[in-house]
Structures are given as C-alpha cells and as structure tokens.
Amino acid sequence: MAVVFTWFISLFISDEMVETLSTGFQNLYNKYTRSENGPQDNGRCSIYIVPVNKKSSNTTDDTQGFQRYRPKARKSFVFNVKQLCQSKHWKWEIMRQSRLRPSTGQGCPICIPNTSRGNERVVSNLKNLLDIYNIGAVKKSMFGSFVDDLKFFYQLKSQEYKYIYDEVLEDEVVVKAISTVARNVCDDSADGDSRFDEETRTQQANTRRILTVISANAKNWVYKVIGWFTYRVISLLATSLVVQPSQIDRVREVEQSGLPVIYLPLHKSHMDYILLGLVLTMNNIKPPLVAAGENLRVFFISKLLSFLGAFYIKRHVDTKKDQLYWSVLSSYIKNSMKNGHHIEFFLEGARTRSGKCGVPKAGLLSIIVDAYREKVIEDAWIIPVSMNYDRILEGNFVREQLGQPKKKETFFVAISTFIKAICSHYGIMRVDFNKPYRLRDLYESIDKLTQLENESLNKNGMEVMSATISYKNTVDKMAKHIVYDCWKSTPIMSTHAVCFLLLNKYRNGTTLEQLAKDILNLRSKLTQGDRDIGFSGRSIEVIKHAINLLGPKLVVYENTDEGYFIKPILDVSALIELSYYANNLISHFMHQSIVALSICKLVGMDFLNKTITETKISRNELVEDVLFLINLLQFDFVFIKPCDSLDDIVETVIRNFEEEEIILIDMMLEEERHGHNLAKLLNCDSDDDDYPQPHVEIDVKYRVNINEDSLNRLHFYRSVMMPYLECMAESAGSFLALSENSVTEREHIQTILNQMHENLEEGILSCGESISVDTIKHSFLAFERFNCLQITTKDNIKTLHVVNDQSSEVNTGMQNMSEYIEEFVKQII
C-alpha cells in the first residue's frame, strides 16, 4: 500500500510540503533507529548488512581462493519523500530514441529461409504501453487518466470466442478412446454386453468431467474489465511496459491471415500470460487460449482465468495409461484451432527456477503438428515470444533450489503475493515477438534432417529409427529449435547485466566507475552479437537503477574514501537469486564458456598458473571435450540447433578467441586449418560408389596466449558455466561414497546438498550458486545416459542404482566420470 499512498499524496502536496515531510520523516527515522556505531554524520544512522557465518570467528583455516569472512558492509539510508513522489513522473529516455535495432528473432536461415534476412537491423522506436496518451489510442480529457483508461478499454474491438464443448464430445477420436478404455476395463467383453454399456456410460461421464475442467470459457467483456484492472495495477508496479511497434504490426498482419496463431513464450513468471494477453488486447489483436497448469485451479482465480481463455492441463500425462485424458486434450486443442482460436503454451512447461531457458517438453507441440499432418488445419503461424523483467514479481526461487518443498498455491497465497507486489517496484517489463513463420516450413525442414539421419544409420549398417520414433525425434528437434532461437534473441535488462558482471568478474567487489566501463564493454559485445538491449543511457545511471531494484539484501553499495563501491552479498541465498538474473546472459556466452573450459583443461594448471610459457592444444581433443560437456549438460541447456554442427560452433568461437588474442594466429595454424577444411571436402561421399574418396584426418594445433589480459578473458568465459559443472562434479563424487549400490532420489539429493554446503564452507566449492536442486536432478539423467546410473520408479518413488563393473564391485564408470569432470573444475591460483 506504500506505493498507492505515495502516488495519492503526490497529487495534492506542493514541493515545499514535500521538503517538510522529507525532513520530518528523516528525523523520525534517525530518532528511533539504532546503529552499531552510534550516530553518524548529520545525525543520521547507518544500516548494516551483516552476512551470516556458520563457523565461529576462532576458526583459523585459510583456504586459498575462498573468502570465508567479510567485513560488515555499510549502506546509508536516506528517506527522500520528494524523490518517491516524483518517481512515477520520470520519463524513460529510451522512449524518445529512434535508432537501429536488431530485428529480433529473424528465424533460422537454414530451416526457414523464406523469412530470415540474416543480421537485419531496422530503425525502431520502442513504445511504453503504460503511457496511454502517447500510443495514439486516446486523447487527454478533462476527466483525468482514470476515466480515459476506462474509455480506452471500453472502445476496444470485440473478439469472437466460440464455445466448442459439444464438438469435442462428438469428436471421432474421443468416442473411439471412450470405447477402447471401456473395453479394457471390461476385459474385452462383447460390445453388446450390459457391463460394457455401463462402463461406456461411466467413461462418457469421465470425459465430460475432464472436458469441463479443461475448457476455457473466454468472454469479451471480461477481457476488457480485467484488462483495465491489470493495466492500472501494472502502472503501479512498473516504470514501463515496453513493446516494439514493428513487431506488433507483424503479429496483427499474421492474425488477419485466417490461420491459427501459436504463441510460444519462454516462461519466467506468472505475469507472462497476463502481459501477453494485455499487450494483444490493447492492440486489438485477438488473445489466445492459454494452457495453464492444474495448480492454478484455486478458488475464484480458476474461474476468472477461464473467462480470460485459460484451459487447465495436467503437468504430466502418460499417453498410454491416460489415453482418455490425452484424447480429450488433443481434441480440444485441435478443434479450438479449427474454430478460429489461437493457442498459447509454454514449451518449457514450468517457470524457470534458475533464470535460464529450460529444455523444452514437446507434448503440446506434437498435438499442433498432428493437427497439421491430419489436415485438421491447413497450416499455422508460429510466434516465439520472450518476456523479460528488470525484476520478477515472484521474488525468488531460492527455497526450491535449496531443496525445500514448493509452497502450494492457494487463494490466500495469491492475495498475499498481490499485496506484497503492489508495495514494491519492478522497473521495466518488456514483451518481444519473434518474426512469425509457418509451422509447415519448420516441420518439413526438420523432418528432412531426421530422414537424412535415418539414411546415415542405414548406410552405416545400424538399426534405423521406426516411424514413431522418427516423428517424436522431429517434434523434439522443432521444440529445441524454437526455444534456442527465442532465448538467443531475448533482450538483456539492466539487472541481468549488473548481476552477470558481479558474479563472473567482481565477486570481491569493484568501484562504480570500473563497473560502468565493463557495462559499456558488455553492451558493445551484445550489440555486435545482434542482441537487443533493454536499457539505455549512461552506464552509471543504469547501474544505480539496477542496484536500487536488487536491493541491499543482494548487493552492497557504499560510499568509501576511494568512491562508491559495489559488491555482491556472498551468502548462498543471495548468490542463487543473483544468478537468476545473471543467467539470462548465458545464452550469449555459453559456447565461449564450454570452449574456454575445454581449453583450460587441455593446457593444464602449470600453464594457467604461468609456470610454463608456451603450449599448444589439439583441435580434435578440444572438440571431444566440448562434445562431452554438451552431453553432460544436455538436460540443463539447448546448446545447438538441430541444423547446426559442433564443428561450426567450435570454429566460430576459435575465430572470436583469435580476435581477442586468447588463441594466437600464426602461418602454421592457418595452413593446418586449410588442410583440415580440405580434408573435410575430400571425405565427402564420392559420386562413384566403387571409388570412394580416402578418409583424411588432419589435426589442427592451437597456440594459447600467455598474456595476462588474454588469460583474464579466458578465466571470465570459464566462470560462466562453472557453477553447473561444479554441481555435476559434486553429484558424481557423491556416488563414490555410497555404502550401497542404490538409494532413493530424494534422500540422495539431500545428501548432495549437505555435502555442497560443507564444501563451500571449506573452500572446495568456489561458486555458492552451484547449489541447485534442478541441476542435481539433471545430473542423474545425464549419468543415466552415460550408463553410469540406472533410475527406476515405483509408487512415484525414484531409486538410483549405481552401475558396477561386472568383474569387480568397483563403480569404474562413475569413478571415471567423477575424475573427468574434476579436470574441468580444478581451481586456478
């Protein structure tokens, strides 16, 4: 309520009154606030942010590279009512800038050649939808903004929503599923049997119950009323809701084509579907039906969201065991598209708990592709969407990352979250639409890749994929392609940039001026990589804006004798929350990071610690290590698009490292590279099968620079992915200490978390943010792929079985895995 109160009094009080209130509040604060050091200058007191140390101050261990104790960080607090009252009237400078921007999400030039225009840059103005008078929708009247907002939403275009309940019940697929399930329950009794008829009626009742839960009941007047209410609330929460008008025009053109539109946003917050619906509604574009998890079916809210187009689905569906549910869900989505509805769902499934993009789940996408293959729809438009925030409304996901159970979402929890939200400030919110492309184009391109893969397996005498597996493979690749492109084109916000630099470069703190220089360099790198940036203006102001949003629980900002000093709080909870925002930049640096990790492993600690001054590394060994890291982290990241090759990615990174002088160029290296390229050409299939070209293998050698600046850059890139590798190393090492060959997943996760906390205290673990339940779970799946682990499920309890060598009781597979990962995470002096 503090925000509402501030906004209210700012309408009535003068500047003189503000000055008086400011002085009064400051004196009142000074009177009743105590400080450890007593009164400071001008009678003001200081608030101290004291990190919690688990060990006593008598401990004398001094582990190298680990800062166990930190001095108390001072942060002075000044109560400025005038600044608070005027904050909502400040203009965001970027709104008045018309400049060249990357044309976000151009699409893949290989898979969608008709829509991609390479690195196209367009002159674009950003638009703040919260400033309703500047978007050309309504003129200022004598009644004030409250009435003008109501008038704007009342005049919006009315959209048509057809209720398709009966069509789904009569769908041939649903009728067939009812009969199949009833027959299975009756043990193949004859159709005319009375028991079968009774069971059929039971399954029909189940179908109506399932469909009642799933079905959305979108109403146009609810969109307008809730749209107005949401608009007013977001105006209190955020400085700006930013869109690019050129993107809106593309979406409007696609929506008018008559084909269904599939919106595929990356999922960061519950605000995602609210913002997308609001942006489309305000621009007179028909909002889609939204797939929502059943966890959102809470009192009152579930009905309201249903009126806004939400249809509720289970988180996990077994298409074989739950055949009836799957048939109803797929029929509902297909008939919705057939009747002119658009669809929105999140390929990642749940919200990201780490800030980075998750590996997609292709279940709902397969229904869309099925609809096209079965000619239920002629085609569809795919529009990947990214929504980004200076700060998310949920606060953080630290509890869940530390292994604590997720809080159940109830009506009272939702109300409590809303009240907390309106008392806070969340900076800038941004919605970006990638360039639309046809579902048919993407499907046919990826399907051709799958067919070529099958032909290659057949040519090499290996077992080819069945039609079912080939189709599943194609849909999975489509989902990864969409998510990869969308994540790589997501704009970077100010909090993301600041957190990224603090965690990867300045864990021990830095001056405001130095951080401003690095922000400027980072902006230049992102611009060169055709990434749009969600902030503008002087770097110092950008940093202050980000620090203000992050708050003193995450960042220390103090005035010292040498100037303003900025330092991240090194408590585990704070590091996990800081990493949430920093991880948004992993999409830009992940390839450089895995190559840097592999280079550091190959050159050895002697070189990195400058014991030796000259070394070369093998390209073949480098590619082998990069491939291992990609396979190890395959459940955490989508590293490569289906149409990309690992060789091309490594070659691109090496070229960048040559420009940054991490890798040195010499004539011999160029000759080896040309020889390598020639070998690849000679190794291509010959037109004459009787005379195949000989296989030529040439290994290129790269020379690594010993220069201190180059090594610093290498260490910087290495640090980006280090938390994930440290977690993998801890997980692999934990299995070596097991007294038995099997353990439940829940129990072992807690064991690993306890072990990681201890190792962090002892300095063995360098990154506190590496403590993550998500990555631990993903490590189990990766080890299973490497045949080091087996996972079984019984009564919803997962059990982990360590795979031992048949000739001995020693787990050589997991031991080799642990030792191999440790080579990447060795600490550098």
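Residues numbered from 1 in each chain as written. Predicted model: local features only at pLDDT ≥ 70, side-chain atom pairs only at ≥ 80, totals over all residues. Heavy atoms only, no water.

Requested: an account of the overall build of the protein chain, with residues and values cited.
Scanning the protein chain for helices and strands turns up 29 helices and 22 strands. Here the protein chain, with 829 residues, has 52% of them falling under the buried criterion. Considering only contacts within the protein chain whose residues lie at least 6 apart along the sequence, 77% involve residues at least 24 apart. For the protein chain, the accessible area works out to roughly 40500 Å², and carbon and sulfur atoms hold 51% of it. (Helix = DSSP H or I, 4+ residues; strand = E, 2+ residues; numbered from the N terminus. Buried < 20%, exposed > 50% of the residue type's maximum accessible area, 1.4 Å probe, protein only. Contact = heavy atoms within 4.5 Å. Areas by Shrake-Rupley, 256 points an atom, 1.4 Å probe, with all protein chains shown as cover.)

Can you explain the packing of helix H19 (residues 512-528) against helix H20 (residues 539-550)? Please cite residues and give values.
Angle between the axes and distance between the axes are the two parameters that describe a pair of packed helices. Two numbers describe how H19 lies on H20: the axes approach to 8 Å, and their chain directions differ by 105°. In terms of axis orientation, H19 runs roughly perpendicular to H20. Note on element contacts: H20 touches H19 through Ser539, Ile540, Val542, Ile543 and Lys544, opposite Leu512, Leu515, Ala516, Ile519, Leu520 and Arg523. For the contact of H19 with H20, the residue count by class is eight nonpolar, one polar and two charged. (Axes fitted to C-alpha atoms, helices over the stretch in contact; angles between N-to-C directions. Parallel < 35°, antiparallel > 145°, perpendicular 65-115°, else oblique. Nonpolar A, V, L, I, M, F, W, Y, C, P; charged D, E, K, R; others polar.)

Lay out the environment of Asp625 in plain terms, naming residues and giving numbers.
Relative to the assigned elements, Asp625 resides in helix H23 (residues 619-632). Owing to a relative accessible area of 3%, Asp625 belongs among the buried residues under this scheme. Along the sequence, Asp625 and Ile599 sit 26 residues apart, while their C-alpha atoms lie 8.9 Å from each other. For Asp625, the contacting residues outside a window of four places in its chain are Ser598, Lys601, Leu602, Tyr820 and Phe824.

Outline the pairing of strand S19 (residues 701-704), listing residues and values.
With burial as the criterion, only one face of S19 is covered, namely that bearing Tyr702 and Val704; the residues Lys701 and Arg703 on the opposite face remain uncovered. In terms of strand pairing, strand S17 (residues 616-618) meets S19 through three bridges, oriented antiparallel. Opposite Lys616, over in S19, you have Arg703 as the bridge partner. (Pairing = 2+ DSSP bridges.)

If you had to explain helix H28 (residues 773-785) to someone new, which residues and values would you point to?
Because each turn of an α-helix spans 3.6 residues, side chains separated by three or four positions in sequence point in the same direction. Along its 13 residues, H28 runs 19 Å from first to last C-alpha, staying within 8% of the 18 Å computed at 1.5 Å per residue. By the burial criterion, the buried members of H28 are Val773, Thr775, Ile776, Ser779, Phe780, Ala782 and Phe783. (Expected span 1.5 Å × (residues − 1).)

Any details on the side chain of His591? Residues and values, ideally.
One can find His591 in helix H22 (residues 586-608). Here His591 falls in the buried class, since its relative accessible area comes to 11%. Each residue touching His591, except ones within four places of it in the same chain, is listed here: Tyr484, Phe639, Ile649 and Val653.

Talk me through the sheet that holds S19; I want residue IDs and the actual numbers.
Taken in spatial order, the three strands line up as S17-S19-S18 in an open sheet, and their pairing is antiparallel. Edge positions in the open sheet fall to S17 and strand S18 (663-664), since each of these has one partner strand only. With two bridges connecting them, S18 and S19 associate as antiparallel partners. Along S19, the bridge assignment pairs Leu664 with Arg703. Where H23 meets the sheet, its contacts fall on S17 and S19, and the angle it forms with S17 comes to roughly 65°.

Describe the packing of aromatic side chains, listing the residues and the values that go with them.
Note on aromatic pairs: each is described by the distance of the centres and the angle between the planes. Applying the stated criterion across every chain, the model contains 26 aromatic pairs. Measuring from centroid to centroid gives 5.3 Å for Phe637 and Phe639, while their planes differ by 45°, and the two rings are tilted. Owing to a relative accessible area of 3%, Phe637 belongs among the buried residues under this scheme. Residue classification places Phe639 among the buried residues on the basis of a relative accessible area of 3%. Centroid distance Phe735 to Phe780: 5.7 Å. Interplanar angle 75°. Geometry classified as edge-to-face. Here the residue Phe735 occupies a position in helix H26 (residues 708-736), and Phe780 occupies one in helix H28, the gap between them amounting to 45 residues. The residues Phe735 and Phe780 share a single accessibility class, namely buried. Of the aromatic side chains, those joined through ring pairs into one cluster are Phe500, Phe589, Phe657, Phe716 and Tyr717. In this arrangement the basic side chain of Lys601 is found over the ring face of Phe824, its NZ or CZ atom lying 5.6 Å from the centre. (Phe/Tyr/Trp six-rings, centres within 6.5 Å; stacked < 30°, edge-to-face > 60°. Lys NZ or Arg CZ within 6 Å of the ring centre and 35° of its normal.)

Provide a residue-level description of the sheet that holds strand S14 (residues 510-511), including the pertinent values.
Pairing is antiparallel in the open sheet, where three strands are placed in the order S14-S16-S15. Each having just a single partner strand, S14 and strand S15 (555-560) make up the two edges of the open sheet. Pairing of S14 with strand S16 (residues 563-568), which is carried by two bridges, proceeds in the antiparallel orientation. Note that in S16 the partner of Thr510 across the bridge is Ile566. The sheet strands contacting H20 are S15 and S16, and the helix crosses S15 at an angle near 125°.

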